[in-house]
Amino acid sequence: MQRIFIVGCPRSGTTLVQAMLARHPTILTMPETAFFEHLYGDLAWRWGDLDAKPQRRRLRQHLGFARKQARGALQPLRDIDPDMFALPEWPLRTGSCVRGFIRSLDARAQAEGRTAWVEKTPSHLLYIPEIERHVPDARFVHVIRPGEDVLASITDASLRYAGFNTMGIGLVPWSRRWNRAAQIHARHAQQPHHHFVFLDDLTRDMHHEWQRLCAFLHIDARAKLGASCNQPIADLRNEPWKHDAVSGLPGKAKRKAEGLFGPQMREWLQQQLVPYEELRHSCAGSEQQAECGVSYLFS
């Protein structure tokens, strides 16, 4: 069973890549679970948000028992799919929770005659060490988009869907989060179970990027794909900003930053954000160029 995690900074194109893979006949996927985020917590601290502090670890957690709040937060997984996540109650230990989660996905994929499953929660980028410890055969697909366009997309979504209050922490915190994501991407550039999809490359030459992605995942790139994604991957009533991505059909790249931000704002962003081209140089082609260094980016 191929166990695949799609990760990245929010609004980078992770939903689009998930929907593309969902069109493949051998792949099972589902809406975002935020499983490891709920299990381990510390989301704001892991992003590096100012004033965020790590949660206090009690003795029982050091002994491997899951946080009480985490076990309660995992119960809504049944709302995603009551058959897939049918455990009467999540186990007491953290490792047992992960094993139950993985077994649930494996069993559903096998029941449907599929040989791989994809879990897409962008913030699981921050939990890669924990995922690798519990799921040593996991493969990670990192989706990367220029920082200016990520922040423009977040701003656009915050303005158009203000009533949902999902991304309204402001440009300064989000610029720090994008830099944090870039740091993590670069750290994994030379690791064999990590693959990098740049959104601008995907929309410019979908065929080539699809071939690269299928080769990394060991799936047949020539398999007949569905006309569009027919697996449920988002609740568009509560996540309307994903509407254009859920078909799994890449459109023309949109440079939102150029239309949404003025010259002064774009200059500020360029000063604040990790240089995108340097990140591309570090990550693109790292599967073939192990000698490509990344440490100089984030001294």
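Structure: above.
Calculation criteria
Residues numbered from 1 in each chain as written. Predicted model: local features only at pLDDT ≥ 70, side-chain atom pairs only at ≥ 80, totals over all residues. Heavy atoms only, no water. Pairing = 2+ DSSP bridges. Helix = DSSP H or I, 4+ residues; strand = E, 2+ residues; numbered from the N terminus. Axes fitted to C-alpha atoms, helices over the stretch in contact; angles between N-to-C directions. Polar contact = N/O pair within 3.5 Å; in protein donor to acceptor, adjacent residues only side chain to side chain. Contact = heavy atoms within 4.5 Å. Parallel < 35°, antiparallel > 145°, perpendicular 65-115°, else oblique. Left-handed = near helix turned anticlockwise from the far one by under 90°. Expected span 1.5 Å × (residues − 1). Buried < 20%, exposed > 50% of the residue type's maximum accessible area, 1.4 Å probe, protein only.

J.: Whenever I open this one, the sheet that holds strand β2 (residues 27-29) confuses me. Can you help?
T.: The pairing of strands in a sheet comes from backbone hydrogen bonds and takes either a parallel or an antiparallel form. Overall, parallel pairing links the five strands, which are arranged β2-β3-β1-β4-β5 in an open sheet. Of all the strands in the sheet, just β2 and β5 (194-198) have a single pairing partner and so form its edges. If you compare each strand with its neighbour and ignore which way they point, the axes differ by 25° on average. Relative to strand β4 (residues 139-144), strand β1 (residues 2-7) is paired through four bridges, and the arrangement is parallel.

J.: Please explain unusual backbone geometry as it appears in this structure.
T.: Most of the time, phi is negative for any residue but glycine, and the peptide bond is trans. Its identity as a non-glycine residue notwithstanding, Asp51 has a phi of 70°, on the positive side. The residue Asp51 is located in the loop between α3 (43-47) and α4 (59-62) in this model. For His218, which is not glycine, the phi dihedral falls at a positive 60°. Within the secondary structure layout, His218 lies in the loop between α12 (206-217) and α13 (256-260).

J.: I would appreciate a short explanation of the side chain of Glu148 in the present structure.
T.: Following the sequence through the fold, Glu148 ends up in helix α9 (residues 147-160). There is a polar contact of 3.2 Å between the side chain of Glu148 and the side chain of Gln270. Leaving out residues up to four positions away in the same chain, Glu148 has contacts with Ala257, Phe261, Arg266, Leu269, Gln270 and Leu273.

J.: I'm lost on the packing of helix α10 (residues 171-187) against helix α15 (residues 276-283) in this one. Help?
T.: The description of two packed helices rests on the angle between their axes and on the distance between the axes. Taken N-terminus to C-terminus, the directions of α10 and α15 make an angle of 20°; their axes are 9 Å apart at the nearest point. Judged by the angle between their axes, α10 and α15 are roughly parallel. Considering how the two elements wind past one another, α10 and α15 form a crossing that is left-handed. Where α10 approaches α15, its residues Trp178, Ala182, His185 and Ala186 are matched on the opposing element by Tyr276, Leu279 and Cys283.

J.: Looking at this structure, I do not really get α10. What am I missing?
T.: Given a rise of 1.5 Å per residue, 17 residues ought to cover 24 Å, and the 24 Å separating the end C-alpha atoms of α10 matches this to within 8%. Where α10 is concerned, the buried positions are Trp174, Ser175, Arg177, Trp178, Asn179, Ala181, Ala182, Ile184, His185 and Ala186.

J.: Even after reading the chapter, I still don't get the packing of α9 against α10, so can you show me in this structure?
T.: Running from N to C, α9 and α10 cross one another at 140°; their axes reach a closest spacing of 10 Å. In terms of their interaxial angle, α9 and α10 are classed as oblique. Considering the relative orientation of α9 and α10, their crossing is right-handed. Listed contacts from α10 to Gly147, Val150, Leu151, Ile154 and Thr155 of α9 are Leu171, Trp174, Ser175 and Trp178.

The quantities given are spatial measurements derived from coordinates; they are silent on function.
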